[in-house]
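Topology and contacts: notes
Listed below, chain by chain, are the residues.
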Amino acid sequence: MFLHLGKDYVIPLKDIICIIDHKSLKSKDTKEFFDIAEEEGFIKNITDKKIKSYIITEKAYIDKKSGSKIRKSIIYCSNISSTTLNKRAGFIK
């Protein structure tokens with residue numbers, strides 16, 4: 001199954017680690033985490049509007065050259081609320 005994050009972005013549900021509401025980013029440690037993630041290029045802003053949620057993902061795949069397992073993390077910024085995304089994903093009934 002897949003989750004539509006907004007615009008033309010759709011990701012597999014199995015890649016989602018968590019969906020975080022923008023308003024919940026009040027902790028100093030959480031803000032520091034997001035600052036570091038942005039500096040290192042892990043954040044992908046997919047909206048031109050106000051950010052309402054963050055979707056933390058990790059994709060694992062096998063490198064064709066070396067055969068080793070590689071993990072790639074991306075944090076998507078979406079203008080769709082975390083409640084709506086959770087409902088779409090089937091995490092909330």
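Predicted, not measured: the structure shown is a model, and the values here were computed from it.

**Some remarks on the sheet that holds strand E5 (residues 53-62)**
The strand order across the open sheet formed by four strands is E3-E5-E6-E4, and the pairing between neighbours is mixed. Taken across any chain shown, the strands that pair with only one partner, and hence form the sheet edges, are strand E3 (16-21) and strand E4 (43-45). Here the strands of the sheet are splayed against their neighbours by 25° on average, with no regard to which way each runs. Note: E3 against E5, five bridges, orientation antiparallel. Note that in E5 the partner of Ile19 across the bridge is Ile55. Strands E3, E5 and strand E6 (69-78) of the sheet are contacted by helix H2 (residues 82-89), whose axis makes an angle of about 150° with E3.

**Things to note about the nonpolar core**
Ranked by size, the top nonpolar core spans 13 residues in total, and within it Leu3, Leu5, Ile16, Ile55, Tyr76 and Leu85 carry the most contacts. Counting residues in hydrophobic clusters, the runner-up holds nine residues, among them Ile20, Leu25, Ile75 and Cys77.

Cut-off values and rules
Residues numbered from 1 in each chain as written. Predicted model: local features only at pLDDT ≥ 70, side-chain atom pairs only at ≥ 80, totals over all residues. Heavy atoms only, no water. Pairing = 2+ DSSP bridges. Helix = DSSP H or I, 4+ residues; strand = E, 2+ residues; numbered from the N terminus. Axes fitted to C-alpha atoms, helices over the stretch in contact; angles between N-to-C directions. Contact = heavy atoms within 4.5 Å. Core = buried A, V, L, I, M, F, W, Y, C linked by side-chain atoms within 4.5 Å. Buried < 20%, exposed > 50% of the residue type's maximum accessible area, 1.4 Å probe, protein only.

Shape descriptors only; they carry no functional weight alone.
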